[in-house]
Amino acid sequence: MNNQLKEFQIYLKNSKKVIALVGAGLSASSGLPVFRGSQGLWKNYNMIDLATPDSFYIDPSLVWQFYSWRRYTSLKAQPNNGHRALINLVDEFKSKNRKVLIISQNVDGLFNRIRPKIDEIYDIHGNLFTLKCTSFLCNYIEKNNFKQPLTPALNETEHEFEHEHEIDESTTTTTKNSPKFHPVKSLDESQLPHCPICKSLLRPGVVWFGESLPLDLITKIDNFIEDEDSIPDLVLVIGTSGTVYPANSYVERIKLKGGKVAIFNTDIDDKIVQGQVNDTWGFKGDAAELLPIALDCF
Ligand code: BV8
Ligand code: ZN
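Per-chain numbering applies: the sequence of each chain, read as written, is numbered from 1 onward. The order in which chains are written sets their letters, starting at A; the order in which ligands are written sets their numbers, starting at 1. With pLDDT at 70 or above as the cut-off, local features in this predicted model cover only qualifying residues; side-chain atom pairs require 80 or more to be listed or tallied, and sums for whole chains, interfaces and linings still use all residues. Note that water and hydrogens are dropped before the side-chain values are worked out from all heavy atoms of the structure.

Turning our attention to the pairing of strand 1 (residues 17-22). Taking burial as the measure, the six residues of strand 1 include six buried ones, the bulk of the element. Here's how the labels work: a residue is buried when its accessible area is under 20% of the maximum for its type, exposed when over 50%, partly exposed in between, all with a 1.4 Å probe on protein chains only. Starting at the N terminus, helices and strands are each numbered in turn, a helix being any DSSP run of H or I of at least four residues and a strand any DSSP run of E of at least two. Burial along strand 1 is two-sided: the residues Lys17, Ile19 and Leu21 and Val18, Ala20 and Val22 are all buried. Pairing of strand 1 with strand 4 (residues 99-104), which is carried by six bridges, proceeds in the parallel orientation. Residue Ile19 lies in a different strand from strand 4, and its bridge partner there is Leu101. Criterion used throughout: strands pair if DSSP finds at least two bridges between them. Pairing analysis gives five bridges linking strand 1 to strand 13 (residues 234-238), with the strands arranged parallel. What sits directly across from Val18, in strand 13, is Leu234.

Structural data, given as C-alpha coordinates:
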(Lines give C-alpha, C1' and ligand atoms only; values in the text may rest on other atoms or scores of the structure.)
(Ligands and ions follow the chains in the order given, each with its own letter.)
Protein backbone atom coordinates (compact mmCIF):
# COMPACT_ATOMS: atom_id res chain seq x y z
CA MET A 1 0.00 0.00 0.00
CA ASN A 2 1.60 3.31 -0.95
CA ASN A 3 2.41 5.65 1.89
CA GLN A 4 -0.05 8.31 0.66
CA LEU A 5 -2.83 5.82 1.27
CA LYS A 6 -1.45 4.77 4.65
CA GLU A 7 -1.06 8.39 5.74
CA PHE A 8 -4.58 9.19 4.55
CA GLN A 9 -6.10 6.21 6.38
CA ILE A 10 -4.40 7.09 9.68
CA TYR A 11 -5.72 10.64 9.33
CA LEU A 12 -9.25 9.47 8.42
CA LYS A 13 -9.31 7.05 11.36
CA ASN A 14 -8.54 9.95 13.73
CA SER A 15 -10.88 12.47 12.08
CA LYS A 16 -13.87 13.66 14.08
CA LYS A 17 -15.64 15.56 11.29
CA VAL A 18 -15.53 14.63 7.60
CA ILE A 19 -17.36 15.98 4.55
CA ALA A 20 -17.55 14.28 1.14
CA LEU A 21 -18.43 16.21 -2.02
CA VAL A 22 -19.40 13.79 -4.78
CA GLY A 23 -20.03 14.39 -8.48
CA ALA A 24 -20.94 12.54 -11.65
CA GLY A 25 -17.68 10.56 -11.61
CA LEU A 26 -18.99 8.52 -8.67
CA SER A 27 -21.78 7.16 -10.89
CA ALA A 28 -19.59 6.80 -13.99
CA SER A 29 -18.84 3.13 -13.43
CA SER A 30 -22.57 2.56 -12.88
CA GLY A 31 -22.82 3.48 -16.55
CA LEU A 32 -24.17 7.02 -16.15
CA PRO A 33 -22.41 9.57 -18.40
CA VAL A 34 -20.55 12.47 -16.77
CA PHE A 35 -21.32 16.02 -17.80
CA ARG A 36 -18.08 17.30 -19.12
CA GLY A 37 -15.92 16.10 -21.90
CA SER A 38 -17.24 14.02 -24.77
CA GLN A 39 -19.87 12.29 -22.63
CA GLY A 40 -21.55 15.58 -21.85
CA LEU A 41 -23.86 15.22 -24.80
CA TRP A 42 -27.35 13.85 -25.22
CA LYS A 43 -28.20 13.27 -28.87
CA ASN A 44 -26.55 16.41 -30.22
CA TYR A 45 -27.28 18.70 -27.32
CA ASN A 46 -24.86 19.76 -24.59
CA MET A 47 -26.41 18.55 -21.33
CA ILE A 48 -25.48 21.77 -19.58
CA ASP A 49 -27.54 23.80 -22.08
CA LEU A 50 -30.59 21.65 -21.40
CA ALA A 51 -30.32 21.95 -17.59
CA THR A 52 -31.61 25.55 -17.50
CA PRO A 53 -35.01 27.18 -16.83
CA ASP A 54 -34.78 28.97 -20.20
CA SER A 55 -34.44 25.72 -22.16
CA PHE A 56 -37.45 24.35 -20.33
CA TYR A 57 -39.48 27.51 -20.90
CA ILE A 58 -38.58 27.62 -24.60
CA ASP A 59 -38.98 23.91 -25.32
CA PRO A 60 -40.45 21.84 -22.48
CA SER A 61 -40.89 18.89 -24.84
CA LEU A 62 -37.14 18.75 -25.60
CA VAL A 63 -36.15 19.12 -21.94
CA TRP A 64 -38.69 16.54 -20.77
CA GLN A 65 -37.35 14.06 -23.35
CA PHE A 66 -33.86 14.70 -21.97
CA TYR A 67 -35.00 14.10 -18.40
CA SER A 68 -37.06 11.09 -19.37
CA TRP A 69 -33.89 9.58 -20.83
CA ARG A 70 -31.97 10.52 -17.60
CA ARG A 71 -34.68 8.86 -15.45
CA TYR A 72 -34.63 5.76 -17.66
CA THR A 73 -30.84 5.38 -17.60
CA SER A 74 -30.65 6.08 -13.84
CA LEU A 75 -33.34 3.47 -13.12
CA LYS A 76 -31.43 0.96 -15.27
CA ALA A 77 -28.13 1.73 -13.51
CA GLN A 78 -27.07 0.02 -10.29
CA PRO A 79 -25.28 1.71 -7.39
CA ASN A 80 -21.61 0.71 -7.24
CA ASN A 81 -19.09 -0.09 -4.50
CA GLY A 82 -18.19 3.57 -4.27
CA HIS A 83 -21.76 4.42 -3.17
CA ARG A 84 -21.66 1.49 -0.73
CA ALA A 85 -18.27 2.52 0.71
CA LEU A 86 -19.60 6.02 1.43
CA ILE A 87 -22.72 4.68 3.15
CA ASN A 88 -20.45 2.42 5.24
CA LEU A 89 -18.39 5.49 6.18
CA VAL A 90 -21.58 7.23 7.38
CA ASP A 91 -22.47 4.19 9.51
CA GLU A 92 -18.94 3.95 10.89
CA PHE A 93 -18.83 7.62 11.90
CA LYS A 94 -22.30 7.51 13.41
CA SER A 95 -21.39 4.44 15.47
CA LYS A 96 -18.44 6.41 16.87
CA ASN A 97 -20.51 9.56 17.43
CA ARG A 98 -18.45 11.45 14.90
CA LYS A 99 -19.80 13.91 12.35
CA VAL A 100 -20.04 13.10 8.64
CA LEU A 101 -21.87 14.76 5.77
CA ILE A 102 -22.07 13.68 2.12
CA ILE A 103 -22.90 16.50 -0.28
CA SER A 104 -24.05 15.00 -3.56
CA GLN A 105 -24.22 16.97 -6.82
CA ASN A 106 -25.76 13.94 -8.50
CA VAL A 107 -29.47 13.64 -9.19
CA ASP A 108 -29.48 9.94 -10.13
CA GLY A 109 -30.78 8.67 -6.78
CA LEU A 110 -28.22 5.81 -6.67
CA PHE A 111 -27.46 6.22 -2.94
CA ASN A 112 -31.16 5.80 -2.18
CA ARG A 113 -31.32 2.59 -4.15
CA ILE A 114 -29.09 1.13 -1.40
CA ARG A 115 -30.91 2.86 1.45
CA PRO A 116 -34.06 4.93 0.82
CA LYS A 117 -33.45 7.50 3.55
CA ILE A 118 -29.98 8.65 4.64
CA ASP A 119 -30.04 11.85 6.73
CA GLU A 120 -26.30 12.46 6.22
CA ILE A 121 -26.55 12.60 2.40
CA TYR A 122 -27.78 15.89 0.89
CA ASP A 123 -28.87 15.92 -2.77
CA ILE A 124 -28.04 19.60 -3.28
CA HIS A 125 -28.96 19.56 -6.98
CA GLY A 126 -32.27 17.78 -6.39
CA ASN A 127 -33.34 14.42 -7.73
CA LEU A 128 -34.62 13.06 -11.06
CA PHE A 129 -37.46 11.26 -9.26
CA THR A 130 -38.90 14.35 -7.66
CA LEU A 131 -41.56 16.20 -9.68
CA LYS A 132 -42.58 19.80 -9.08
CA CYS A 133 -45.48 21.91 -10.31
CA THR A 134 -44.43 24.91 -12.46
CA SER A 135 -47.31 27.10 -11.24
CA PHE A 136 -46.32 29.77 -8.67
CA LEU A 137 -49.77 29.36 -7.17
CA CYS A 138 -49.37 25.66 -6.51
CA ASN A 139 -46.83 23.95 -4.29
CA TYR A 140 -47.40 20.42 -5.50
CA ILE A 141 -44.26 18.31 -5.16
CA GLU A 142 -43.97 14.56 -5.48
CA LYS A 143 -40.89 12.59 -4.30
CA ASN A 144 -39.83 9.06 -5.30
CA ASN A 145 -41.90 8.98 -8.48
CA PHE A 146 -40.23 6.09 -10.35
CA LYS A 147 -42.95 5.76 -13.00
CA GLN A 148 -41.24 5.27 -16.36
CA PRO A 149 -42.17 6.62 -18.83
CA LEU A 150 -44.08 9.38 -17.08
CA THR A 151 -46.43 9.74 -20.04
CA PRO A 152 -46.93 7.44 -23.06
CA ALA A 153 -45.44 10.05 -25.41
CA LEU A 154 -42.18 10.08 -23.44
CA ASN A 155 -41.50 6.38 -23.93
CA GLU A 156 -39.75 7.00 -27.25
CA THR A 157 -36.89 8.83 -25.57
CA GLU A 158 -35.62 5.73 -23.84
CA HIS A 159 -33.89 4.34 -26.88
CA GLU A 160 -30.94 6.52 -27.58
CA PHE A 161 -29.86 5.08 -30.87
CA GLU A 162 -31.36 3.19 -33.73
CA HIS A 163 -29.03 1.05 -35.81
CA GLU A 164 -29.68 1.29 -39.49
CA HIS A 165 -29.13 -2.10 -41.09
CA GLU A 166 -28.37 -2.32 -44.80
CA ILE A 167 -27.96 -5.65 -46.52
CA ASP A 168 -24.58 -5.70 -48.22
CA GLU A 169 -25.39 -7.70 -51.40
CA SER A 170 -21.79 -8.88 -52.02
CA THR A 171 -21.34 -10.55 -48.67
CA THR A 172 -25.06 -11.00 -47.83
CA THR A 173 -24.33 -9.90 -44.29
CA THR A 174 -25.81 -6.86 -42.72
CA THR A 175 -23.54 -3.92 -42.16
CA LYS A 176 -24.15 -1.74 -39.16
CA ASN A 177 -23.44 1.85 -39.95
CA SER A 178 -22.87 4.35 -37.19
CA PRO A 179 -25.59 4.63 -34.56
CA LYS A 180 -28.16 7.16 -35.57
CA PHE A 181 -30.06 9.11 -32.95
CA HIS A 182 -33.76 8.95 -32.77
CA PRO A 183 -34.66 12.51 -33.74
CA VAL A 184 -36.05 14.45 -30.81
CA LYS A 185 -39.82 14.35 -31.13
CA SER A 186 -41.76 17.58 -30.92
CA LEU A 187 -44.39 16.65 -28.39
CA ASP A 188 -47.38 18.78 -27.69
CA GLU A 189 -47.38 20.19 -24.14
CA SER A 190 -50.55 18.17 -23.46
CA GLN A 191 -48.40 15.02 -23.87
CA LEU A 192 -46.03 16.05 -21.06
CA PRO A 193 -46.50 15.42 -17.30
CA HIS A 194 -49.08 17.65 -15.60
CA CYS A 195 -49.87 18.53 -12.01
CA PRO A 196 -52.71 16.40 -10.59
CA ILE A 197 -53.84 19.37 -8.48
CA CYS A 198 -53.88 22.38 -10.80
CA LYS A 199 -53.19 20.74 -14.21
CA SER A 200 -50.16 22.98 -14.89
CA LEU A 201 -47.02 21.51 -16.44
CA LEU A 202 -44.78 19.55 -14.07
CA ARG A 203 -40.97 19.89 -14.12
CA PRO A 204 -38.16 17.65 -12.90
CA GLY A 205 -37.28 18.36 -9.25
CA VAL A 206 -33.65 19.18 -10.06
CA VAL A 207 -31.74 22.47 -9.58
CA TRP A 208 -31.04 24.00 -12.99
CA PHE A 209 -28.17 26.38 -13.75
CA GLY A 210 -29.12 29.84 -12.56
CA GLU A 211 -31.45 28.43 -9.88
CA SER A 212 -30.74 28.59 -6.19
CA LEU A 213 -29.83 25.42 -4.32
CA PRO A 214 -32.36 24.30 -1.68
CA LEU A 215 -31.95 26.96 1.03
CA ASP A 216 -32.62 24.53 3.89
CA LEU A 217 -29.71 22.33 2.73
CA ILE A 218 -27.39 25.32 2.20
CA THR A 219 -28.13 26.48 5.77
CA LYS A 220 -27.50 23.01 7.24
CA ILE A 221 -24.22 22.69 5.30
CA ASP A 222 -23.10 26.14 6.45
CA ASN A 223 -23.87 25.27 10.08
CA PHE A 224 -22.04 21.95 9.74
CA ILE A 225 -18.91 23.65 8.33
CA GLU A 226 -18.98 26.77 10.53
CA ASP A 227 -19.86 25.04 13.81
CA GLU A 228 -17.08 26.45 16.03
CA ASP A 229 -16.76 23.60 18.44
CA SER A 230 -15.58 21.21 15.75
CA ILE A 231 -13.77 22.22 12.59
CA PRO A 232 -13.92 19.83 9.63
CA ASP A 233 -10.78 17.66 9.59
CA LEU A 234 -11.13 16.42 6.02
CA VAL A 235 -13.05 16.84 2.78
CA LEU A 236 -13.22 13.96 0.29
CA VAL A 237 -13.60 15.31 -3.27
CA ILE A 238 -14.95 12.44 -5.32
CA GLY A 239 -15.59 12.28 -9.08
CA THR A 240 -16.18 15.96 -9.61
CA SER A 241 -14.55 18.39 -12.01
CA GLY A 242 -15.02 21.17 -9.46
CA THR A 243 -16.64 23.41 -12.07
CA VAL A 244 -20.05 23.89 -10.54
CA TYR A 245 -20.73 26.40 -7.77
CA PRO A 246 -21.65 26.89 -5.03
CA ALA A 247 -21.12 23.10 -4.51
CA ASN A 248 -17.38 23.34 -4.99
CA SER A 249 -16.95 26.39 -2.78
CA TYR A 250 -17.24 24.02 0.21
CA VAL A 251 -13.84 22.50 -0.59
CA GLU A 252 -12.12 25.91 -0.37
CA ARG A 253 -13.97 26.78 2.83
CA ILE A 254 -12.85 23.59 4.54
CA LYS A 255 -9.24 24.11 3.41
CA LEU A 256 -9.37 27.66 4.78
CA LYS A 257 -10.46 26.27 8.13
CA GLY A 258 -7.46 23.95 8.18
CA GLY A 259 -9.09 20.81 6.83
CA LYS A 260 -7.15 18.45 4.57
CA VAL A 261 -8.33 17.36 1.11
CA ALA A 262 -8.41 13.88 -0.46
CA ILE A 263 -9.24 13.74 -4.17
CA PHE A 264 -10.56 10.59 -5.87
CA ASN A 265 -10.68 11.09 -9.63
CA THR A 266 -9.56 9.46 -12.87
CA ASP A 267 -8.02 12.81 -13.80
CA ILE A 268 -5.77 14.39 -11.17
CA ASP A 269 -2.88 16.79 -11.46
CA ASP A 270 0.42 14.84 -11.21
CA LYS A 271 1.76 17.15 -8.50
CA ILE A 272 -1.13 16.13 -6.25
CA VAL A 273 -0.72 12.43 -7.02
CA GLN A 274 2.96 12.72 -6.12
CA GLY A 275 2.05 14.30 -2.79
CA GLN A 276 3.62 17.67 -3.68
CA VAL A 277 0.59 19.77 -2.73
CA ASN A 278 0.17 20.65 0.94
CA ASP A 279 -2.56 18.95 2.89
CA THR A 280 -3.87 17.26 -0.26
CA TRP A 281 -3.91 13.56 -1.08
CA GLY A 282 -4.71 12.46 -4.64
CA PHE A 283 -5.90 8.95 -5.54
CA LYS A 284 -6.09 8.49 -9.29
CA GLY A 285 -8.57 5.97 -10.66
CA ASP A 286 -12.17 4.84 -10.60
CA ALA A 287 -13.92 6.01 -7.45
CA ALA A 288 -15.94 2.78 -7.42
CA GLU A 289 -12.67 0.85 -7.00
CA LEU A 290 -10.66 3.30 -4.90
CA LEU A 291 -13.22 4.17 -2.23
CA PRO A 292 -13.85 0.63 -0.88
CA ILE A 293 -10.05 0.31 -0.39
CA ALA A 294 -9.29 3.79 0.93
CA LEU A 295 -12.24 4.04 3.33
CA ASP A 296 -11.85 0.52 4.68
CA CYS A 297 -9.60 1.40 7.59
CA PHE A 298 -11.67 1.16 10.75
C1 BV8 B 1 -26.58 29.18 -8.54
C2 BV8 B 1 -28.84 19.22 -11.83
C3 BV8 B 1 -27.36 31.33 -7.94
C4 BV8 B 1 -29.38 19.23 -13.23
C5 BV8 B 1 -26.76 20.48 -11.89
C6 BV8 B 1 -24.68 32.80 -13.79
C7 BV8 B 1 -25.89 32.87 -13.10
C8 BV8 B 1 -26.14 32.08 -11.98
C9 BV8 B 1 -25.19 31.15 -11.59
C10 BV8 B 1 -24.02 31.07 -12.31
C11 BV8 B 1 -23.73 31.89 -13.38
N12 BV8 B 1 -22.49 31.56 -13.86
C13 BV8 B 1 -21.98 30.56 -13.13
C14 BV8 B 1 -22.87 30.28 -12.18
C15 BV8 B 1 -22.76 29.32 -11.21
C16 BV8 B 1 -23.41 28.06 -11.81
C17 BV8 B 1 -22.26 27.21 -12.25
O18 BV8 B 1 -21.60 26.66 -11.39
N19 BV8 B 1 -22.01 27.14 -13.57
C20 BV8 B 1 -20.87 26.36 -14.03
C21 BV8 B 1 -21.22 25.60 -15.30
C22 BV8 B 1 -19.70 27.33 -14.21
N23 BV8 B 1 -24.14 27.44 -10.72
C24 BV8 B 1 -25.46 27.54 -10.69
O25 BV8 B 1 -26.15 28.03 -11.54
C26 BV8 B 1 -26.06 26.99 -9.41
N27 BV8 B 1 -26.99 27.97 -8.89
O28 BV8 B 1 -25.45 29.56 -8.53
O29 BV8 B 1 -27.64 29.97 -8.22
C30 BV8 B 1 -28.61 31.83 -7.38
C31 BV8 B 1 -28.69 32.12 -6.03
C32 BV8 B 1 -29.87 32.62 -5.52
C33 BV8 B 1 -31.00 32.77 -6.35
C34 BV8 B 1 -30.91 32.42 -7.71
C35 BV8 B 1 -29.71 31.95 -8.24
C36 BV8 B 1 -26.84 25.73 -9.72
C37 BV8 B 1 -25.87 24.64 -10.14
C38 BV8 B 1 -26.63 23.32 -10.24
C39 BV8 B 1 -26.76 22.92 -11.69
N40 BV8 B 1 -27.40 21.60 -11.76
N41 BV8 B 1 -27.38 19.31 -11.88
C42 BV8 B 1 -29.04 17.97 -13.96
O43 BV8 B 1 -28.28 17.14 -13.45
O44 BV8 B 1 -29.58 17.79 -15.08
S45 BV8 B 1 -25.07 20.52 -11.98
C46 BV8 B 1 -24.52 19.18 -12.90
O47 BV8 B 1 -23.10 19.34 -12.97
C48 BV8 B 1 -24.69 17.81 -12.25
O49 BV8 B 1 -25.35 17.84 -11.01
C50 BV8 B 1 -23.23 17.37 -12.04
O51 BV8 B 1 -23.05 16.55 -10.95
C52 BV8 B 1 -22.66 18.70 -11.79
C53 BV8 B 1 -21.27 18.96 -11.60
O54 BV8 B 1 -20.51 18.27 -12.52
P55 BV8 B 1 -19.63 17.09 -11.95
O56 BV8 B 1 -20.46 16.27 -11.02
O57 BV8 B 1 -18.36 17.63 -11.43
O58 BV8 B 1 -19.45 16.25 -13.24
P59 BV8 B 1 -18.40 16.53 -14.40
O60 BV8 B 1 -18.86 15.76 -15.58
O61 BV8 B 1 -18.14 18.00 -14.51
O62 BV8 B 1 -17.04 15.90 -13.84
C63 BV8 B 1 -16.95 14.51 -13.65
C64 BV8 B 1 -15.63 14.30 -12.95
O65 BV8 B 1 -15.53 12.92 -12.62
C66 BV8 B 1 -14.44 14.63 -13.82
O67 BV8 B 1 -13.49 15.32 -13.02
C68 BV8 B 1 -13.90 13.27 -14.23
O69 BV8 B 1 -12.48 13.29 -14.34
C70 BV8 B 1 -14.28 12.43 -13.05
N71 BV8 B 1 -14.49 11.00 -13.32
C72 BV8 B 1 -14.99 10.44 -14.45
N73 BV8 B 1 -15.09 9.09 -14.26
C74 BV8 B 1 -14.67 8.84 -12.99
C75 BV8 B 1 -14.28 10.06 -12.39
N76 BV8 B 1 -13.81 10.13 -11.13
C77 BV8 B 1 -13.71 8.98 -10.43
N78 BV8 B 1 -14.07 7.77 -10.94
C79 BV8 B 1 -14.55 7.67 -12.21
N80 BV8 B 1 -14.88 6.47 -12.70
ZN1 ZN C 1 -50.00 22.41 -9.54
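Any residue with at least one heavy atom within 4 Å of a molecule or strand is counted as near it. Surrounding ligand 1, one finds 34 residues, the nearest of these being Phe35, Arg36, Gln105, Gly210 and Ser241. Within the contact set of ligand 1, a nitrogen atom lies 3.3 Å away from a side-chain nitrogen or oxygen of Thr266. Residues adjacent in sequence count toward polar contacts only when both atoms are side-chain atoms; beyond that, a polar contact is any pair of N or O atoms within 3.5 Å, and within protein one must be able to donate a hydrogen and the other to accept it. Measuring from a nitrogen atom of ligand 1, one finds a backbone N or O atom of Ala287 at 2.9 Å. To be clear on the numbers: accessible area is Shrake-Rupley with a 1.4 Å probe, and residue cover counts the displayed protein chains and nothing else. Bound to the protein, ligand 1 loses 72% of the 1,500 Å² it would expose on its own. Sorting the residues of the shell around ligand 1 by element identifies helix 2 (25-28) and helix 5 (60-76) as the ones contributing at least two each. Each residue receives one of three labels: charged for Asp, Glu, Lys and Arg, nonpolar for Ala, Val, Leu, Ile, Met, Phe, Trp, Tyr, Cys and Pro, and polar for the others, Gly being one of them. In terms of residue class, the shell around ligand 1 is built from 15 nonpolar, 14 polar and five charged.

Along helix 9 (residues 249-256), the residues that are buried comprise Tyr250, Val251 and Ile254. An end-on view of helix 9 places all buried positions within 105° of arc, on one side of the element. Turning to helix 9, the residues buried within the fold contact strand 1, strand 4, helix 8 (215-226), strand 13 and strand 14 (260-265). Looking one or two residues beyond helix 9, the residue adopting positive phi is Gly258, at roughly 95°. Picture the helix axis, draw a direction to every C-beta atom, and the arc is the one those directions span. The contact criterion used throughout is that any non-hydrogen atoms of two residues lie within 4.5 Å.

All right, on to the environment of Ser200 then. With respect to the helices and strands, Ser200 occurs in the loop between strand 11 (180-181) and strand 12 (202-206). Sequence spacing of Ser200 and Ser135 is 65 residues, and the spatial spacing of their C-alpha atoms is 6.2 Å. Ignoring sequence-local partners within four residues, the contact set of Ser200 consists of Cys133, Thr134, Ser135, Pro193, His194 and Cys195.

This part takes up the coordination of the zinc ion (ligand 2). Within the first shell, the zinc ion (ligand 2) binds the protein through Cys133 (SG), Cys138 (SG), Cys195 (SG) and Cys198 (SG), at distances of 2.2 to 2.4 Å. Each metal's donors are the N, O and S atoms within 2.8 Å of it, or within 3.2 Å when it is Na, K or Ca, and because water is not part of the set, sites may look incomplete. Positions of the donor residues of the zinc ion (ligand 2) along the chain correspond to the pattern C-x4-C-x56-C-x2-C. A single burial state applies to Cys133 and to Cys138, both of which are buried.

The strand order across the open sheet built from six strands is 5-4-1-13-14-15, with neighbouring strands paired in parallel fashion. Edge positions in the open sheet fall to strand 5 (121-123) and strand 15 (280-284), since each of these has one partner strand only. The mean inter-strand angle of the sheet, taken between neighbouring strand axes irrespective of direction, is 15°. Alignment of strand 13 against strand 14, held across five bridges, turns out to be parallel. Each residue of the ladder has a partner; that of Leu234, found in strand 14, is Lys260. Relative to strand 14, helix 11 (residues 287-294) is tilted by about 140°, and along the sheet it contacts strand 13, strand 14 and strand 15. In this analysis, axes come from line fits to C-alpha atoms, helices being fitted only over the stretch in contact, and the angle between any two N-to-C directions falls in the range 0 to 180 degrees.

Our next topic: the sheet that holds strand 12. Taken together, the three strands give an open sheet; going across it, the order is 7-6-12, and neighbouring strands pair in antiparallel fashion. Pairing within the sheet leaves two strands with one partner each, and these edge strands are strand 7 (141-142) and strand 12. Packed on one face of the sheet, helix 5 meets strand 6 (126-133) and strand 12 and runs near 140° to strand 6.

Note: most peptide bonds trans; most residues except glycine with negative phi. Each neighbour pair has its own omega, and for Gln148 with Pro149 the value is 0°, a cis peptide bond. The peptide bond linking Tyr245 to Pro246 adopts the cis configuration, its omega dihedral lying at 5°. Its place among the elements puts Pro246 in the loop between strand 13 and helix 9. Its identity as a non-glycine residue notwithstanding, Lys199 has a phi of 70°, on the positive side.

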